[in-house]
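Here is how the chains run, residue by residue.
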Amino acid sequence: MHGFKELVKLFEERLLSVESLQKSPHNLYEPCRYLLGLGGKRVRPVLCLMGNELFSDIKEGAWHAAIGVELFHNFTLVHDDIMDEAPLRRGKETIHHKYGMTAGILSGDILCILAYEQLGYIKEALAQVLPLFTQTAAEVCDGQQMDMDFEQRSDVTIEEYLNMIALKTSVLLACSLKMGAYISGANEEEAQKVYEFGKNLGIAFQLQDDYLDAYGDPEKNGKQVGGDIKANKKTYLLLKAIENANPEQRIEIEELLASTGDDKVEKMLSLYDSCNAKQAAKDEMLKYSNLAFDNLATINVAEERKAPLRSLAEYLLQREK
């Protein structure tokens, strides 16, 4: 069994040696190499490998599936950055900012295409892996569009929000794990348990991310406090505050959403507290965290095989608050 850090190192070696990324024209593939060279946590591809090793030794097809997942994830980042007009990614210039808009669009496109090329090398369970990956890819796009739509809406519900983060963030984690399980030879019942673990883990992680944006320590989390509040993002905290607010508090929230004042974050955090949104967010995180660990407990393999996944989940969900 391999731990997370060991798998990241092994995966990096594989990723950086992908022949298709070394091709020309230079102006198409250099931006791809630049982005992949910026690093990242590599959680998604490593989950694919862990999902495989949960049931068997790591098979060659799992490496191709993991590379495909990472290439697809980076494709989404390139196009997300364009939509968000973001100048930085991981502290460095975004592709469209560094190389131009045309390079951003085409480099994103080729990363998606190369992801499918990697899947074509899989010899184990491709009939299960390919439709799962394709469905997930479409769901990620659905989630991104919902997120964009929510920016223009004032009537977003918590149920809609949870569905959006499941599609935008969680399903790719779940897909990664399930593809690894399929490639190992796991049956549908066990593979689906792994999928549910990943999906609930992803929802809990995104809820935690929202919470830390408002209440975390910026020196430990690397994020400015209240970035989502300043941008009027429809987070669980905001939606729960609106849901719980009395008429006077709702007016205050609406005024703050229209404000750009220096005290906007401080006042909104006070409303989150008084509307019990802060505690509700922590409770919701715990709910999905518990669901994820319950899913993991039901998987019919020896406990020592679950240990790397359990350790990774505990690490992801126990960041400093």
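Our subject is the structure that appears above.
Residues numbered from 1 in each chain as written. Predicted model: local features only at pLDDT ≥ 70, side-chain atom pairs only at ≥ 80, totals over all residues. Heavy atoms only, no water.

> An account of the overall build of the chain is needed here, citing residue identities and associated values.
Per the secondary structure count, the chain includes 16 helices and two strands. The globule rule puts the C-alpha radius of gyration for 321 residues at 20 Å, and the 20 Å found for the chain is close to it. Expressed along its principal axes, the backbone C-alpha trace of the chain runs to roughly 60 × 50 × 35 Å. Out of the 321 residues in the chain, the part that is buried amounts to 53%. The long-range share in the chain, meaning contacts at least 24 apart out of those at least 6 apart in sequence, stands at 73%. When the 36 basic and 51 acidic side-chain charges of the chain are each reduced to a single mean position, those positions are 4 Å apart. (Helix = DSSP H or I, 4+ residues; strand = E, 2+ residues; numbered from the N terminus. Rg over C-alpha atoms; globule rule 2.2 N^0.38 Å. Buried < 20%, exposed > 50% of the residue type's maximum accessible area, 1.4 Å probe, protein only. Contact = heavy atoms within 4.5 Å. Lys, Arg positive; Asp, Glu negative; His and termini not counted. Charge placed at Lys NZ, Arg CZ, Asp CG, Glu CD.)

> Requested: an account of the packing of helix H12 (residues 236-244) against helix H13 (residues 247-257), with residues and values cited.
Any two packed helices are characterised by how steeply their axes cross, that is the angle between the axes, and by the distance between the axes. In the contact formed by H12 and H13, the axes pass within 8 Å of each other and the chain directions differ by 145 degrees. Where H12 crosses over H13, the handedness of that crossing is left-handed. Of the residues in H13, those touching H12 at Leu238, Ala241, Ile242, Glu243 and Asn244 are Gln249, Arg250, Ile253 and Leu257. The residue makeup of the contact of H12 with H13, split by class, is five nonpolar, two polar and two charged. (Axes fitted to C-alpha atoms, helices over the stretch in contact; angles between N-to-C directions. Left-handed = near helix turned anticlockwise from the far one by under 90°. Nonpolar A, V, L, I, M, F, W, Y, C, P; charged D, E, K, R; others polar.)

> Report on the pattern of salt bridges, specifying residues and quantitative values.
The final tally for this structure, using the stated rule, is 17 salt bridges. For the salt bridge of glutamate 12 with arginine 42, the shortest nitrogen-to-oxygen distance reads 2.8 Å. Here glutamate 12 is found in helix H1 (residues 4-15), whereas its partner arginine 42 is found in the loop between helix H2 (26-37) and helix H3 (43-53), with 30 residues between them in sequence. Accessibility expressed as a relative area gives 2% for arginine 42, which makes it buried. (Salt bridge = Lys/Arg side-chain N within 4 Å of Asp/Glu carboxyl O.)

> I'd like a description of the packing of H12 against helix H15 (residues 277-298), backed by residues and values.
In the contact formed by H12 and H15, the axes pass within 9 Å of each other and the chain directions differ by 125 degrees. Overall, the two elements H12 and H15 adopt an arrangement that is oblique. Judged by the twist between their axes, the crossing of H12 over H15 is right-handed. Two secondary-structure elements touch here, H12 through Tyr236, Leu237, Lys240 and Ala241 and H15 through Ala277, Lys278, Ala280, Ala281 and Glu284. Here the contact of H12 with H15 is composed, by residue class, of six nonpolar, no polar and three charged. (Parallel < 35°, antiparallel > 145°, perpendicular 65-115°, else oblique.)

> Could you give an account of the environment of aspartate 155, with specific residues and numbers?
Structurally, aspartate 155 is set in the loop between helix H7 (126-150) and helix H8 (158-184). Along the sequence, aspartate 155 and lysine 264 sit 109 residues apart, while their C-alpha atoms lie 21 Å from each other. At a separation of 2.8 Å, a polar atom in the side chain of aspartate 155 contacts the side chain of arginine 153. (Polar contact = N/O pair within 3.5 Å; in protein donor to acceptor, adjacent residues only side chain to side chain.)

> Tell me about the nonpolar core, and please be specific about residues and values.
By size, the foremost hydrophobic cluster in this structure holds 106 residues, and its most contacted members are Leu71, Phe72, Leu111, Met179, Leu207 and Tyr272. Considering every element that reaches this core, the biggest residue donor is H8, with 17 residues. (Core = buried A, V, L, I, M, F, W, Y, C linked by side-chain atoms within 4.5 Å.)

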